[in-house]
Amino acid sequence: MSKPKVHHYVPQFYLRRFVDAAGRLWVWDRDRDRTFAATPNSIASESNFYLLPELAEFGHDPLTLEKQFCGLESVSAITGQWLELIRAGEALDRIPILKSNREVASLFIVLQFLRTADTRSFLARFAAADIAQPTASSSYSRSLHADVLWDDALVNSFRQQVESSTWVFAKNETGSPYVTSDNPVSFRTSNNRQWTKARMLNSDSYVVYPLAPDAILYCYPRKGRWHGKNIEQFDCRISPVITTPGMITSENSAQVFMASRFVVSNNSDFTEERRFARTIDSDIYAPRGN
C-alpha cells in the first residue's frame, strides 16, 4: 500500500458538505481575488503536511500524526446525524447528543483549529521571533506544530472548555449559504463586534463553526460575560432566532477573516465576502450576528 502524500488539514468529509449539485466546491482565493471550481480533495491540503521524518530515527512511523487525524474522522457520522435532525427540526427542538459524542466532537473542533496551515504559520512566526531569526525552517515549524498537537494538557484543556460550553445550533433557510474556509473554526467576542484568532474560547469569546451551508454551531462558554444570560437553556437546541440574510453575511465574514487563503462555498458569488475583506484592519465595518 502506498503511503499517503497529500494531507488535508480540513477533512474532505467536511468539505463535501459544501459542494454544489454537480459535486463542485466554489473557492475564492482571497489573496489573488480569483474564483475557481475545485473538488474536496484538492484544497486545504499540502503534500506531506503532517510527515515527521525524525520519528523514523527512533523506529516510529513518520505518518503517525496523519493517521491519528484519519482516526478522528468518525465524527463525520456524528455531525451528519446532527444535520439530519437540524434540517427536519424546528426552533427550540432538542438535538440529542450522547456524552461520548460530545467529547469526540469537542476534540475534533479543537484539533480542527490547531491543525491548520494558519496555526502552523502563526507558530512559525512566533518561533522566529523567539530565536531572533527572519523565519523558522519548515522542518522546525513542522516539529513545533506536532509538539502543540501532541500536548495533551493543552488540547484537553481546550476540549473541556468546548465540551462544557452551551451548544446552540442555527438553521439557515434564507437561501443564502453559510460559507467555510481552509481555517473554519472562528471566535467572536461576546459583543458580536469582532472576530479574533488569538483567543481560544476565553470568557469573552465564543466558537462559531459552520456545519454545512444550511446549519451552524455556536459554543458559548459558561463563564465570564455569558454567565447568567440564560443561554444554558438552549443547550443542544435549535436557536429560536430566525436567521436572516444579514446574519448569514455577518457569520460568513468570519471565514474571510480566519482563512489562510481560501473561502469555500456551494456557489460562485463571493460579493459580500470581497466587500468584507476590504474592511479587515479598518474600523469601517463591525460584524453583528446572532
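Conventions we followed
Residues numbered from 1 in each chain as written. Predicted model: local features only at pLDDT ≥ 70, side-chain atom pairs only at ≥ 80, totals over all residues. Heavy atoms only, no water. Pairing = 2+ DSSP bridges. Helix = DSSP H or I, 4+ residues; strand = E, 2+ residues; numbered from the N terminus. Contact = heavy atoms within 4.5 Å. Axes fitted to C-alpha atoms, helices over the stretch in contact; angles between N-to-C directions. Expected span 1.5 Å × (residues − 1). Buried < 20%, exposed > 50% of the residue type's maximum accessible area, 1.4 Å probe, protein only. Phe/Tyr/Trp six-rings, centres within 6.5 Å; stacked < 30°, edge-to-face > 60°. Salt bridge = Lys/Arg side-chain N within 4 Å of Asp/Glu carboxyl O.

**Student:** So what's going on with the sheet that holds strand S10 (residues 237-238)? Which residues, and what values?
**Tutor:** What the 5 strands build is an open sheet, ordered S7-S8-S9-S5-S10; its pairing is mixed. Sheet topology places strand S7 (186-189) and S10 at the edges, where each strand pairs with a single neighbour. Where S7 and strand S8 (residues 205-212) come together, 4 bridges link them in antiparallel fashion. When the bridges of S8 are listed, Ser 186 appears paired with Val 208. Sheet contacts for helix H3 (residues 75-88): strand S5 (166-171), S8, strand S9 (215-220) and S10; angle to S5, the most-contacted strand, approximately 55 degrees.

**Student:** Run through helix H8 (residues 245-258), naming residues and quoting values.
**Tutor:** Note that an α-helix has 3.6 residues per turn; residues three or four places apart therefore point the same way. Taking 1.5 Å of rise per residue, the 14 residues of H8 would be expected to cover 20 Å, and the 20 Å separating its terminal C-alpha atoms lies within 8% of that figure. For H8, the buried fraction is high: 10 of the 14 residues fall into the buried class. Among the residues making up H8, those that are buried are Met 247, Ile 248, Ser 250, Glu 251, Asn 252, Ser 253, Ala 254, Gln 255, Val 256 and Met 258.

**Student:** Tell me what's going on with the pairing of S8, and back it up with residues and numbers.
**Tutor:** Most of S8 is tucked away, with 8 of its 8 residues classed as buried. The pairing of S8 with S9 spans 5 bridges and is antiparallel. Bridge assignment links Tyr 209 to a residue of S9, and that residue is Leu 217. With antiparallel pairing between neighbouring strands as the criterion, S8 and S9 make up a hairpin whose turn holds 2 residues.

**Student:** Report on the packing of aromatic side chains, specifying residues and quantitative values.
**Tutor:** Counting across every chain of the model gives 14 aromatic pairs. Plain terms: the ring middles of Trp 82 and Phe 169 are 5.5 Å apart, the flat faces sit at 65 degrees to each other, and that makes the pair edge-to-face. Taken together, the positions of Trp 82 in helix H3 and Phe 169 in strand S5 put the pair 87 residues apart, joining distant regions of the chain. Among the residues examined, Trp 82 registers a relative accessible area of 2% and is labelled buried. Judged by its relative accessible area of 0%, Phe 169 falls in the buried class. Aromatic side chains Tyr 218 and Tyr 220 sit 6.0 Å apart centroid to centroid with 20 degrees between the ring planes, which places their arrangement in the stacked category. Across the pair, Tyr 220 and Tyr 218 agree in class, each one buried.

**Student:** So what's going on with the pattern of salt bridges? Which residues, and what values?
**Tutor:** Applying the stated criterion to the full structure yields 15 salt bridges. Between Arg 188 and Glu 251 there is a salt bridge, with its nearest N and O atoms 3.1 Å apart. Here Glu 251 lies in helix H8 and Arg 188 lies in strand S7, a separation of 63 residues in the sequence. Both residues of the pair, Arg 188 and Glu 251, belong to the buried class. For Glu 272, the salt bridge is made with Arg 275, and the minimal N-O distance between the two is 2.7 Å. In this pair, Glu 272 and Arg 275 both sit in helix H9 (residues 271-277), 3 residues apart, roughly one turn of the helix. What you see here is one network of salt bridges that share partners, running through Asp 29, Arg 34 and Arg 261.

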